Number of protein chains: 2
Amino acid sequence: MEQPAPVSPAFIATDHNHDHCVSLALQTAEAICRERGQRLTTLRRKVLELVWANHRPVGAYGLLEMLRDESGQVAPATVYRALDFLQEQGLVHRLASLNAFIGCAFPGAAHTGQFLICTSCQELAELDDRQITEALRASADASGFTISHTTVEVLGLCPHCRKGRA
Amino acid sequence: MEQPAPVSPAFIATDHNHDHCVSLALQTAEAICRERGQRLTTLRRKVLELVWANHRPVGAYGLLEMLRDESGQVAPATVYRALDFLQEQGLVHRLASLNAFIGCAFPGAAHTGQFLICTSCQELAELDDRQITEALRASADASGFTISHTTVEVLGLCPHCRKGRA
DNA sequence: CTTGCTTTTGCAACAATATAACATAATACT
DNA sequence: AGTATTATGTTATATTGTTGCAAAAGCAAG
Ligand SMILES: [Zn+2]
Ligand SMILES: [Zn+2]
Ligand SMILES: [Zn+2]
Ligand SMILES: [Zn+2]
């Protein structure tokens, strides 16, 4: 059971140019939506692009600002609806502990969403770790609990920031 | 490495009378605060009592309502400050995925907070599962990531509700 | 291509959650 | 008692997210 290569590598250097991550993510999203008969409209595409361009968790109102810079007046509901769609299609995750959104690193693949989030530089790595998934499943099983969704968000210091502070 | 007995058992029957959970939790809290030289004031104690009396996740504004029923006008900041204190003392956890609070089942013990939450009846079980903790640590280590806090919240159906729907 | 249907977006108001700033009160310490 | 510290009251505000309805855009059959 191979894991698909993620769209973006984990904990890349902060100043790395990630234009290609953005365009790869957009291409992948196009393909996924086409295959599913879903409409990746201009707005939804734009929101996804902004999410990826930031390359770290962004709040809905942050996205709203960015949209306004380009498209004039935009209402919250507009952003939230686009984000809802992108989440339904598994292209974006919501991070409950940050009230923020991030592009999915494994779009199209069945996975549960596990995140390492640096509290210093906001860099984030999405994992799809079998050990973690299994441990959760085993624990739920032991309690007779049926999982429908999991939130796994780990805060701490990424390798770069750890060095900078140690 | 034995786990301490939790204050409340997991997935008890919904209609079970949990007065003794409440008083046990309060007693434990008193002891912990006394030992640490922290002040479990009337307000803080009251909030903790309300959290436990509900025995399922409660929102801050829900607590606010309950406080008002007893003490007249109360402002949000009052509740949030009490909750902050209780969280600092490890007597209460905040559930990021629900914007809600729950009494800690392992007060005084070092643990990370892992939750199974029934989306049907809101019953909740707090775990301190070594497998899960270890899997998270191992995965973080592999990425050179230093953990400071983890959010593990699993949504799904508890044993009772699963039966009721199967 | 136009009519009717469905989906998406615009727009306005509002709801829910959380925090900030500063004054007053209670408690602890000397 | 007098002073410092901590906790609470009070008011206002910030942040995040939703609802409802109307206009617009996309789609499909005739
Ligand atoms: Zn993902
Ligand atoms: Zn970092
Ligand atoms: Zn706990
Ligand atoms: Zn249940």
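Let me begin by describing the structure that accompanies this report.

Conventions we followed
Residues numbered from 1 in each chain as written. Chains lettered and ligands numbered in written order. Predicted model: local features only at pLDDT ≥ 70, side-chain atom pairs only at ≥ 80, totals over all residues. Heavy atoms only, no water. Least-squares fit on C-alpha atoms with pLDDT ≥ 70 in both. Contact = heavy atoms within 4.5 Å. Donors = N, O, S within 2.8 Å, 3.2 Å for Na, K, Ca; no water. Tetrahedral: all angles 85-135°; square planar, octahedral: opposite > 155°, others 65-115°. Helix = DSSP H or I, 4+ residues; strand = E, 2+ residues; numbered from the N terminus. Buried < 20%, exposed > 50% of the residue type's maximum accessible area, 1.4 Å probe, protein only. Near = heavy atom within 4 Å. Polar contact = N/O pair within 3.5 Å; in protein donor to acceptor, adjacent residues only side chain to side chain. Phe/Tyr/Trp six-rings, centres within 6.5 Å; stacked < 30°, edge-to-face > 60°. Lys NZ or Arg CZ within 6 Å of the ring centre and 35° of its normal. Buried area = accessible area lost by both parts, 1.4 Å probe. Salt bridge = Lys/Arg side-chain N within 4 Å of Asp/Glu carboxyl O. Nonpolar A, V, L, I, M, F, W, Y, C, P; charged D, E, K, R; others polar. Pairing = 2+ DSSP bridges. Core = buried A, V, L, I, M, F, W, Y, C linked by side-chain atoms within 4.5 Å. Axes fitted to C-alpha atoms, helices over the stretch in contact; angles between N-to-C directions.

**Points about the relation of the copies chain B and chain A**
Each of the two copies of the chain can be brought onto the other by a rotation about an axis and a shift along it.
Right, on to step 1. Superposition record for chain B on chain A: RMSD 0.0 Å, screw rotation 180 degrees, translation along axis 0.0 Å. Expressed as an axis order, the relation between the two copies is that of a two-fold axis. It is Val152(B) whose C-alpha, among those of chain B, lies nearest the rotation axis, at 2.4 Å.
Right, on to step 2. The overlap is high: 100% of the interface residues of chain B also sit at the interface in chain A, so the same surface is used on both sides.

**Remarks on the coordination of the zinc ion (ligand 1)**
All names here are of chain A.
Right, on to step 1. Here the zinc ion (ligand 1) is held by His 93 (NE2), Cys 104 (SG), His 111 (NE2) and Glu 126 (OE), and the distances to it run 1.9 to 2.2 Å.
Right, on to step 2. Taken together, the four donor atoms coordinating the zinc ion (ligand 1) span angles of 96 to 140 degrees at the metal, a pattern that classifies the geometry as irregular.
Right, on to step 3. As a motif over one chain, the donors of the zinc ion (ligand 1) read H-x10-C-x6-H-x14-E. Of this pair, His 93 sits in strand S1 (residues 92–95) while Glu 126 is found in strand S4 (residues 124–127), placing the two residues 33 residues apart along the sequence. The burial state of His 93 is the same as that of Glu 126; both residues are buried.

**Observations regarding the protein's contact with DNA strand C**
Right, on to step 1. Residues in contact with DNA strand C amount to 16 residues; listed here are only the nearest, Thr41(A), Arg81(A), Tyr61(B), Tyr80(B) and Arg94(B).
Right, on to step 2. Among all atoms of DNA strand C positioned within 4 Å of the protein, those belonging to sugar or phosphate total 54%.
Right, on to step 3. Separating a base nitrogen of DNA strand C from a side-chain N or O atom of Arg81(A) is a distance of 2.8 Å.
Right, on to step 4. Within the side chain of Tyr61(B), one N or O atom sits 2.6 Å away from a base nitrogen of DNA strand C.
Right, on to step 5. For the surface near DNA strand C, the secondary-structure elements that each account for two or more residues are helix H2 (42–54) and helix H4 (76–88) of chain A together with helix H4 (76–88) of chain B.

**Section: the coordination of the zinc ion (ligand 3)**
Between any two of four tetrahedral donors, the ideal angle at the metal is 109.5 degrees; between two of six octahedral donors, it is 90 or 180 degrees.
Residue and element names in this part refer to chain B.
Right, on to step 1. Those protein atoms acting as donors to the zinc ion (ligand 3) are His 93 (NE2), Cys 104 (SG), His 111 (NE2) and Glu 126 (OE), and they sit at 1.9 to 2.2 Å.
Right, on to step 2. Viewed at the metal, the four donor atoms of the zinc ion (ligand 3) are separated by angles of 96 to 142 degrees, and the geometry they form is irregular.
Right, on to step 3. Given a relative accessible area of 21%, His 111 falls into the partly exposed group.
Right, on to step 4. The class for Glu 126 is buried, based on a relative accessible area of 9%.

**Comments concerning the packing of aromatic side chains**
The way to describe two aromatic rings as a pair is by their centre distance and the angle between their planes.
Right, on to step 1. Inspection of the entire model under this criterion finds four aromatic pairs over all chains.
Right, on to step 2. For the pair Phe11(A) and Phe145(B), a centre-to-centre distance of 5.7 Å together with 20 degrees between the ring planes defines the contact as stacked. Placement of Phe11(A) in the segment before helix H1 (19–36) and of Phe145(B) in the loop between helix H5 (130–142) and strand S5 (146–157) is noted, with the two residues assigned to different chains.
Right, on to step 3. Here Phe145(B) falls in the buried class, since its relative accessible area comes to 2%.
Right, on to step 4. Positioned over the ring face of Phe85(B) is Arg44(B), at 3.8 Å from the centre of the ring.

**Here we look at the interface of chain B and chain A**
Right, on to step 1. In this complex, chain B contributes 32 residues to the contact, which on the side of chain A involves 32 residues.
Right, on to step 2. Of the roughly 2600 Å² buried at the junction of chain B and chain A (both faces included), carbon and sulfur atoms supply 61%.
Right, on to step 3. Remark: the boundary between chain B and chain A carries zero salt bridges.
Right, on to step 4. Taken together, the links from chain B to chain A amount to 14 residue pairs in polar contact (both at pLDDT 80 or more).
Right, on to step 5. Elements that contribute at least two residues to the side of chain B that touches chain A include exactly strand S3 (114–118), H5, S5 and helix H6 (159–165) of chain B.
Right, on to step 6. The element best represented in the side of chain B that touches chain A is S5(B), accounting for twelve residues.
Right, on to step 7. Classifying every residue of the side of chain B that touches chain A gives 18 nonpolar, eleven polar and three charged.
Right, on to step 8. By the bridge criterion, eleven bridges tie strand S5 (residues 146–157) of chain A to S5(B) in an arrangement that is antiparallel. For Thr146(A), the partnering residue across the bridge sits in S5(B) and is Leu157(B).

**Some words on the nonpolar core**
Right, on to step 1. Core analysis: the biggest nonpolar cluster contains 32 residues, and Leu116(A) and Leu116(B) have the highest contact counts within it.
Right, on to step 2. Among the secondary structure elements, those contributing two or more residues to this core are strand S3 (114–118), S4, helix H5 (130–142) and S5 of chain A together with S3, strand S4 (124–127), H5 and S5 of chain B.

**Comments concerning the sheet that holds S3(A)**
Right, on to step 1. Taken in spatial order, the six strands make up an open sheet running S4(A)-S3(A)-S5(A)-S5(B)-S3(B)-S4(B), and their pairing is mixed. Looking at strand neighbours, the two that pair on one side only are S4 of chain A together with S4 of chain B, the edges of this open sheet. Strand-to-strand twist of the sheet, defined as the mean angle between neighbouring strand axes without regard to direction, takes the value 15 degrees.
Right, on to step 2. Most of the contacts of H5(A) go to S5(A), to which it runs at about 130 degrees, and overall it touches S3, S4 and S5 of chain A together with S3, S4 and S5 of chain B.

**Comments concerning the protein's contact with DNA strand D**
Right, on to step 1. The local shell around DNA strand D holds 16 residues, among which Tyr61(A), Tyr80(A), Arg94(A), Thr41(B) and Arg81(B) are the closest.
Right, on to step 2. Of all atoms in DNA strand D that approach within 4 Å of the protein, 53% are sugar or phosphate atoms.
Right, on to step 3. A distance of 3.4 Å separates a sugar or linking oxygen of DNA strand D from a polar side-chain atom of Arg39(A).
Right, on to step 4. Within the side chain of Tyr61(A), one N or O atom sits 2.5 Å away from a base nitrogen of DNA strand D.
Right, on to step 5. Listing elements by their share of the surface near DNA strand D, those giving two or more residues are H4 of chain A together with helix H2 (42–54) and H4 of chain B.
Right, on to step 6. For the surface near DNA strand D, the element with the highest residue contribution is H4(A), accounting for four residues.
Right, on to step 7. Across the surface near DNA strand D, the residue classes tally to seven nonpolar, three polar and six charged.

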